[in-house]
Amino acid sequence: MEKKAVDFWQARKDFLAHLHYAKGYSQGTCYAYNSDLGIWGRWLEEAGKDWCQATHADTEKFVAWQMRERGAKAHIVARRSSCLGSFYKWAMKNALVESDPIYLADKPKRPYRIPVWLEKEEQQALQEATQRIDNLPENIFGRTQEHIKAVRRRYDVLFGLILNSGLRISEALAVKVRDVRVMNGIAKSVRIIGKGNRERLVPLPEAFGQVFGAWLQGREGDDFVFAKAPGGKPPGPHAARAYLRRLIERAGIDKPVTPHKLRHTYATRLLESGAELVDIQALLGHVDLSTTQIYTHVSEERMAGVVAKL
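Residues numbered from 1 in each chain as written. Predicted model: local features only at pLDDT ≥ 70, side-chain atom pairs only at ≥ 80, totals over all residues. Heavy atoms only, no water.

As annotated in an unreviewed UniProt entry, the protein carries the name Integrase family protein and comes from Nitrosococcus watsoni. In its Sequence similarities (unreviewed entry) section, the UniProt record describing the protein reads: "Belongs to the 'phage' integrase family." (UniProt positions renumbered as here; feature names shortened; annotations may be inferred.)

Caption draft 1: Focus on the confidence of the model for the protein. For the protein, the average pLDDT comes to 84, and 85% of its residues sit at 70 or higher. By mean pLDDT, the top-scoring element of the protein is strand β1 (residues 180-183) (95), and the lowest-scoring one is helix α13 (residues 300-308) (51). Low confidence marks residues 298-302, where pLDDT is under 50. Its contacts with residues over four positions away, or in another chain, come to five contacts. (pLDDT = per-residue confidence, 0-100. Helix = DSSP H or I, 4+ residues; strand = E, 2+ residues; numbered from the N terminus. Contact = heavy atoms within 4.5 Å.)

Caption draft 2: Structural view of the pattern of salt bridges. Applying the stated criterion to the full structure yields eleven salt bridges. With a shortest N-O distance of 2.8 Å, Asp156 and Arg153 are connected by a salt bridge. Taken as a pair, Asp156 and Arg153 lie in helix α6 (residues 145-165) at a separation of three residues, close to a single helical turn. The class of Arg153 is partly exposed, set by a relative accessible area of 36%. Close ionic contact of Arg168 with Glu171 constitutes a salt bridge, the shortest N to O distance being 2.5 Å. (Salt bridge = Lys/Arg side-chain N within 4 Å of Asp/Glu carboxyl O. Buried < 20%, exposed > 50% of the residue type's maximum accessible area, 1.4 Å probe, protein only.)

Caption draft 3: Region of interest: the packing of aromatic side chains. Under the definition given, this model contains 21 aromatic pairs. With a centroid separation of 6.2 Å and 40° between ring planes, the pair formed by Phe15 and Tyr33 is classed as tilted. Residue Phe15 is located in helix α1 (residues 8-22), and its partner Tyr33 is located in helix α2 (residues 27-47); the two are separated by 18 residues in the primary sequence. Here Tyr33 falls in the buried class, since its relative accessible area comes to 15%. With a centroid separation of 4.2 Å and an interplanar angle of 15°, the aromatic rings of Tyr155 and Tyr243 are classed as stacked. Linking Tyr155 in helix α6 with Tyr243 in helix α9 (residues 237-251), this pair joins segments that are 88 residues apart in sequence. Across from the ring centre of Trp215, 4.1 Å away, lies the NZ or CZ of Arg219, which sits over that ring. (Phe/Tyr/Trp six-rings, centres within 6.5 Å; stacked < 30°, edge-to-face > 60°. Lys NZ or Arg CZ within 6 Å of the ring centre and 35° of its normal.)

Printed below as a string of structure tokens:
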């Protein structure tokens with residue numbers, strides 16, 4: 001008896017459930033996969049093609065259509081192709097399709113992009129802008145200046161944590177007081193559950209550990225470290241990005257700096273201090289060392305020092 005074909009949209013739903021519940025992917029990642037697969041599904045419908053019978057030639061037409069008709073950049077198309085590759089591998093494993101139309105297709109390669117990071121002078125300028133309180137407005141939507149100072153201080157510590165630990169913004173906002181190991185009032189390390197529910201322990205520099213330890217005083221173990229109110233929720237990643245953008249402008253830094261660029265800054269500082277890539281990989285929570293290799297940009301001085309030892 002011939003097996004009944006599974007509807008693409010149902011297969012997409014089952015695949016996303018697998019990513020979220022079995023693989024531990026975040027909601028944000030699942031939303032991105034949902035969008036990418038949706039573009040593929042609608043393209044197939046307009047082309048009158050069955051997703052189970054798609055070929056590598058169809059994939060190449062889809063790639064060309066995105067770049068020609070939609071003006072998609074190479075790195076976006078490469079990401080969508082990767083998403084489709086994961087989807088069809090899952091579909092083959094579950095006997096929903098007989099072949100993978102992605103694997104043999106010609107796809108654009110991800111362009112090599114040197115990550116943006118803050119130089120030490122820029123890092124200092126950001127810290128000074130974050131800690132300034134003389135430029136705070138008298139009143140915003142009825143909020144007192146003390147409230148505005150508290151918000152500024154919260155973001156000062158949040159961005160300081162990312163610069164001193166390399167956490168993703170979602171990871172930093174999810175930290176609870178119980179996840180931080182404190183000794184003699186100094187925060188020593190942070191326990192993180194990262195992508196794919198992988199756990200890692202990130203040590204903190206002592207100078208920042210003193211600041212972070214002081215911030216944690218009087219907070220309950222189950223509280224989010226950056227809760228907007230005791231027992232409440234922390235701000236969302238979007239709010240954190242918007243606040244950092246305003247601080248970057250006040251600091252006079254002419255770079256597109258996001259919380260993730262602060263993570264790049266942490267990795268760059270580690271590399272300049274002589275850390276090995278495998279150590280940086282563990283601290284950042286990368287699964288694949290190739291992901292960490294984007295941080296191999298180093299100063300000419302350090303490279304000259306390495307070559308001099310040959």
